[in-house]
Structures are given as structure tokens and as C-alpha cells.
Amino acid sequence: VWADDGSGFLEPALQHGRVGAFAIPYSGYLVSITRFMAAIATTVPLRLAAFVLGAGSALVVCLLAGLVYLSMRGHIPSRGLRFALAAVMVLIPAVGMEVDANAANLHWYLDFAAVWVLLARPPGWGERLVGAAICFIAAASDPLVALLLPLAAIRLVAVRNRRDSIAVATLLAGLAVQLPFILGFHTGAAVHPSTVDLSQVFAGRVLLPMLAGDTIGQHLW
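Residues numbered from 1 in each chain as written. Predicted model: local features only at pLDDT ≥ 70, side-chain atom pairs only at ≥ 80, totals over all residues. Heavy atoms only, no water.

(A) Region of interest: the pattern of salt bridges. One pass over the structure, following the stated rule, counts three salt bridges. Across the pair Arg 128 and Asp 164 runs a salt bridge, and its minimum N-O distance is 3.4 Å. Of this pair, Arg 128 sits in helix 7 (residues 125-139) while Asp 164 sits in the loop between helix 8 (149-158) and helix 9 (166-183), placing them 36 residues apart in sequence. Note on Arg 128: relative accessible area 5%, which makes it buried. (Salt bridge = Lys/Arg side-chain N within 4 Å of Asp/Glu carboxyl O. Helix = DSSP H or I, 4+ residues; strand = E, 2+ residues; numbered from the N terminus. Buried < 20%, exposed > 50% of the residue type's maximum accessible area, 1.4 Å probe, protein only.)

Right, dumping it as C-alpha cells:
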């Protein structure tokens, strides 16, 4: 079991129950998608928990990439180009070994999928409801989804049909669920990284893995 998947999520699900663990914040916010994955992992023998978390996380990412592929069709007519862009979401080297097939980091993929859901005009209720669910889960898993509020506001202005605004409503609902946990979070001594610190972290954790892959990038770093 990789990193926080075990100590941060699987262990609380075993100790506090599948439902009780959902109300436990992690670093000051809810990570609902990971709590859900951990809850599933507790339904199988413990020796299979790593497989459920790893393979299940990979499956979730692939399904999100499929939704992104569908959501792009109103903006990118070419099926080949849409497939290539959706494939990058799954295969991008920058995710490396820390994010890839890791339940604790699924919220990053949800954030990306939520962007395309807010840009999409789905033709039917099925895809519309799936997109709305993704927006809610994304917001209930990562408060940084609040950065998408300007895009959500533009969507409300651009669309005239209320049924096309359901994704915005669920996004707001997810953030509303997050808010009490964020406001109630207290940390210790504040850390104020400098611009140099941030630049070094970005270079070592994002740029190098993006250009050279995680393994070679870490050796270069």
C-alpha cells in the first residue's frame, strides 16, 4: 500500500468504520474520493487492499479520461486529437510514481475532469448527471476546486437552459460540504516558503518529471 493510502485512509476506515471515516478531514479538508476507495478496500481481505487501492485508482483515472474525451467533443471535433488529449491525462510522465495508481491523489484528476465538465454541453441526461456527480465529488475532495468558480460563473451566463447548470449547482454543494472543515482547521507554526523555494520545488517536482519522466528526473534532481 503506497504512502498515505495506508496510514491516512485505509487505517482510519478500519478503525472508525467505512462511514465514520468520511467525516475525518485530512490536512484540513475532506478527501471524499479517497475515503470511498478506502471503504471499498475494507470490504475485501486485508491482503487484497493494496490491489483494490492501486487498480481501483487506475480504473477511476481511466473512467475520468473517458468522460473528458466525451466532454471535449463540442470543442474539438477530431476524435483522434480528443483521444490523444484524454490519453495524456492517463499517461502523463509528470504524475510519476507518487500520483499514478494512488488513491490519495485522485482529486487532481477529478479537478481536471471538472474543468471539462464545466466546458461541456452534454446531449443527454445520463452524461449530464455523471458530470454533475464528478463536480460534486471533486469539490468534496479538494477545496482548490474553488479556483473553478469563475469558469462556473461564465457557464451560468453562457447557458440559458437550467439543466445545463446542474454541474455548477453540484460544484457549489461540494464546496459547501468542505467549508466547515476548512474553517475549523487549525495548524501549528505557519510556514512561509520563499519564491526561490517554490521555484526549486516546481523545477524538481514538475518540470523535470514532465520532460524526462519521474525516474530520470529524480536522478537529475
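(B) Expanded view of the environment of Val 90. The residue Val 90 is located in helix 4 (residues 79-91) in this model. Distance from Val 90 to Leu 64, taken between C-alpha atoms, is 9.1 Å for residues 26 residues apart in sequence. For Val 90, the contacting residues outside a window of four places in its chain are Val 61, Cys 62 and Ala 65. (Contact = heavy atoms within 4.5 Å.)

(C) Examining helix 1 (residues 4-16) more closely. Along its 13 residues, helix 1 runs 17 Å from first to last C-alpha, staying within 8% of the 18 Å computed at 1.5 Å per residue. Of all the bends in helix 1, the greatest, near 30°, is centred on Leu 10, and the proline Pro 12 appears no more than four residues after it. Residues of helix 1 that are buried sit in contact with helix 2 (32-41) and helix 3 (49-71). One or two positions beyond helix 1, positive phi appears at Gly 17, with a value near 90°. (Expected span 1.5 Å × (residues − 1). Bend = angle between axes of the 7 residues up to and from the residue.)

(D) Spotlight on the nonpolar core. Among the nonpolar cores identified, the biggest contains 38 residues, and Leu 64, Leu 106, Tyr 109, Leu 118, Cys 135 and Leu 171 are the most heavily contacted of them. Where this core is concerned, the elements lending two or more residues are helix 2, helix 3, helix 4, helix 6 (106-119), helix 7 and helix 9. When residues of this core are assigned to their parent elements, the largest contribution, nine residues, is made by helix 3. Aside from chain neighbours lying at most four places away, what touches Leu 64 is Met 89, Tyr 109, Leu 110, Ala 113 and Ile 134. Grouped together as the second largest cluster of nonpolar side chains are seven residues, Ala 13, Tyr 29, Ala 38 and Ala 104 included. (Core = buried A, V, L, I, M, F, W, Y, C linked by side-chain atoms within 4.5 Å.)

(E) Highlighting unusual backbone geometry. One non-glycine residue, Ser 27, lies in the positive phi region at around 55°. The topology assignment puts Ser 27 in the loop between helix 1 and helix 2.

(F) Structural view of the packing of helix 6 against helix 8. Relative orientation of the contacting elements helix 6 and helix 8 amounts to 15°, with a least axis distance of 9 Å. The angle between helix 6 and helix 8 places the two elements in the roughly parallel class. In terms of crossing hand, the pair formed by helix 6 and helix 8 is left-handed. Counted together, Val 115, Val 117, Leu 118 and Leu 119 of helix 6 and Leu 151, Ala 152 and Arg 155 of helix 8 form the full contact between these two elements. Taken together, the residues of the contact of helix 6 with helix 8 break down into six nonpolar, no polar and one charged. (Axes fitted to C-alpha atoms, helices over the stretch in contact; angles between N-to-C directions. Parallel < 35°, antiparallel > 145°, perpendicular 65-115°, else oblique. Left-handed = near helix turned anticlockwise from the far one by under 90°. Nonpolar A, V, L, I, M, F, W, Y, C, P; charged D, E, K, R; others polar.)

(G) Main features of the packing of aromatic side chains. Enumeration according to the criterion identifies one aromatic pair in this entry. Taking the centre distance of 4.9 Å and the plane angle of 40° together, the rings of Phe 9 and Tyr 26 count as tilted. Of this pair, Phe 9 sits in helix 1 while Tyr 26 is found in the loop between helix 1 and helix 2, placing the two residues 17 residues apart along the sequence. Tyr 26 sits in the partly exposed class, given a relative accessible area of 24%. Lying across the ring of Tyr 69, Arg 82 places its NZ or CZ 4.6 Å from the centre. The ring of Trp 125 has Arg 128 lying over it, and the distance from NZ or CZ to the ring centre is 4.8 Å. (Phe/Tyr/Trp six-rings, centres within 6.5 Å; stacked < 30°, edge-to-face > 60°. Lys NZ or Arg CZ within 6 Å of the ring centre and 35° of its normal.)

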